[in-house]
Amino acid sequence: MIEKMQRDQAKSDRNRTILIVVASIVVGLAIIAYPAIKLIQDSRTKGQAISDFGVSASAASCDTPTDDKAGGTQDHKPDGTKIMYNESPPSSGPHYNTWAPFGKKFYTLADRPAISNLVHNLEHGYTILWYKDTLPKDQIDQIEQISKGKLPDTSLGKFIAAPFKADEGKPWPDGKNVAFAHWSGNKAGTTEALAHRQFCGSVSGEALKTFIDKYPAMDAQEPNGG
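Just so it is clear, the model here is predicted, and its values are computed rather than measured.

Thresholds, definitions, all that
- Residues numbered from 1 in each chain as written.
- Predicted model: local features only at pLDDT ≥ 70, side-chain atom pairs only at ≥ 80, totals over all residues.
- Heavy atoms only, no water.
- Disulfide = S-S within 2.5 Å.
- Helix = DSSP H or I, 4+ residues; strand = E, 2+ residues; numbered from the N terminus.
- Buried < 20%, exposed > 50% of the residue type's maximum accessible area, 1.4 Å probe, protein only.
- Salt bridge = Lys/Arg side-chain N within 4 Å of Asp/Glu carboxyl O.
- Pairing = 2+ DSSP bridges.
- Polar contact = N/O pair within 3.5 Å; in protein donor to acceptor, adjacent residues only side chain to side chain.
- Contact = heavy atoms within 4.5 Å.
- Core = buried A, V, L, I, M, F, W, Y, C linked by side-chain atoms within 4.5 Å.

Colleague: Any details on the state of the cysteines? Residues and values, ideally.
Modeller: Per the counting criterion, the structure on display carries one disulfide. Covalently, Cys62 is tied to Cys200 through a disulfide, its sulfur atoms 2.0 Å apart. The S-S bond linking Cys62 to Cys200 shows a torsion near 105°; that makes this disulfide right-handed. Taken together, the residues span a long stretch of sequence, with Cys62 in the loop between α1 (2–46) and β1 (68–69) and Cys200 in strand β7 (residues 193–200) at a distance of 138 residues. Residue classification places Cys62 among the partly exposed residues on the basis of a relative accessible area of 26%. Here Cys200 falls in the buried class, since its relative accessible area comes to 0%.

Next up, the structure:
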């Protein structure tokens, strides 16, 4: 009986060892495979037009873009200064001396610069996609895909997607979760500049493309900056 118990224990130990080894191999393969799969997905995304992501423009419940009176050109404030904006989210106005990094196109609340850094980017021709920080993860994932996709040539690559919190400005229109923003240059022969915002209920790369084509990067206060 003792020998049988020893044999059973030895068999149990072998089975447990095999399970541990198999589990370790599976976990190891998963750790190795995830970055590779992510790299492949990102590579495919970079080749896709942004209009391929999200819902169609007609299904996004977008408002007509605004033509707000713009202000704040070269009105640079020291970083950290409290700046209040008339529009929510802002599409022009005073801003910090420092702009957000030109190479980064997608932010979460964990790494987003201050709003006034991002407004500086608008001065240089950027389009910003502001999204409510309360959006479901699947829609935020779509926005991240858009930021990695093929932007319209009219954007010159000047695009940023960033979250916006409810306590950072006036309430958005009911049912709107995404807003595009662009700061146009002065109208020909005038000193009048306009700032544009378009609110949408859902994420739509097609609607974003239309907005960028209507307000291209070269239509800006300082289009050659950045």
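Let us keep going from here.
Colleague: An account of the pattern of salt bridges is needed here, citing residue identities and associated values.
Modeller: Counted according to the given criterion, the structure contains eight salt bridges. For Lys176, the salt bridge is made with Asp63, and the minimal N-O distance between the two is 3.4 Å. Taken together, the residues span a long stretch of sequence, with Lys176 in the loop between β5 (159–164) and β6 (178–186) and Asp63 in the loop between α1 and β1 at a distance of 113 residues. For Lys176, a relative accessible area of 11% gives the class buried. Classification of Asp63 as partly exposed rests on a relative accessible area of 30%. Between Lys137 and Asp141 there is a salt bridge; the shortest N-O distance is 2.9 Å. Of this pair, Lys137 and Asp141 both sit in helix α3 (residues 137–148), separated by four residues, roughly a single helical turn.

Colleague: Tell me about the sheet that holds β7, and please be specific about residues and values.
Modeller: Strand-to-strand pairing in sheets goes through backbone hydrogen bonds, with the strands running parallel or antiparallel. With mixed pairing, the five strands of this open sheet are ordered in space as β1-β7-β6-β4-β5. The sheet is open, and its two borders are formed by β1 and β5, each paired with just one other strand. In terms of strand pairing, strand β4 (residues 127–132) meets β5 through six bridges, oriented parallel. For Tyr131, the partnering residue across the bridge sits in β5 and is Pro163.

Colleague: Give a description of the environment of Ser58 that names residues and reports values.
Modeller: Structurally, Ser58 can be placed in the loop between α1 and β1. Owing to a relative accessible area of 74%, Ser58 belongs among the exposed residues under this scheme. Considering only alpha carbons, one finds Ser58 and Ser204, 146 residues apart in sequence, at a separation of 9.1 Å. A distance of 3.1 Å separates the side chain of Ser58 from the side chain of Ser56, its partner in a polar contact.

Colleague: Explain the side chain of Ser184 to me, and be specific about the residues and the numbers.
Modeller: Along the chain, Ser184 turns up in strand β6. Not counting the four nearest positions on each side in its chain, Ser184 is found in contact with Ala193, Leu194, His196, Tyr215, Asp219, Ala220 and Gln221.

Colleague: Hey, could you go over the nonpolar core for me, with residue numbers and the actual values?
Modeller: With 23 residues, the main nonpolar core has Leu118, Trp130 and Ile160 as its most contacted residues. Those elements giving two or more residues to this core turn out to be α2 (115–123), β4, β5, β6 and β7. With four residues, the top contributor of residues to this core is α2. Residues contacting Trp130, with those up to four places away along its chain left out, are Pro89, Pro90, Ile115, Leu118, Ala162, Pro163, Phe164, Trp172, Asn177, Val178, Ala179 and Ala181.

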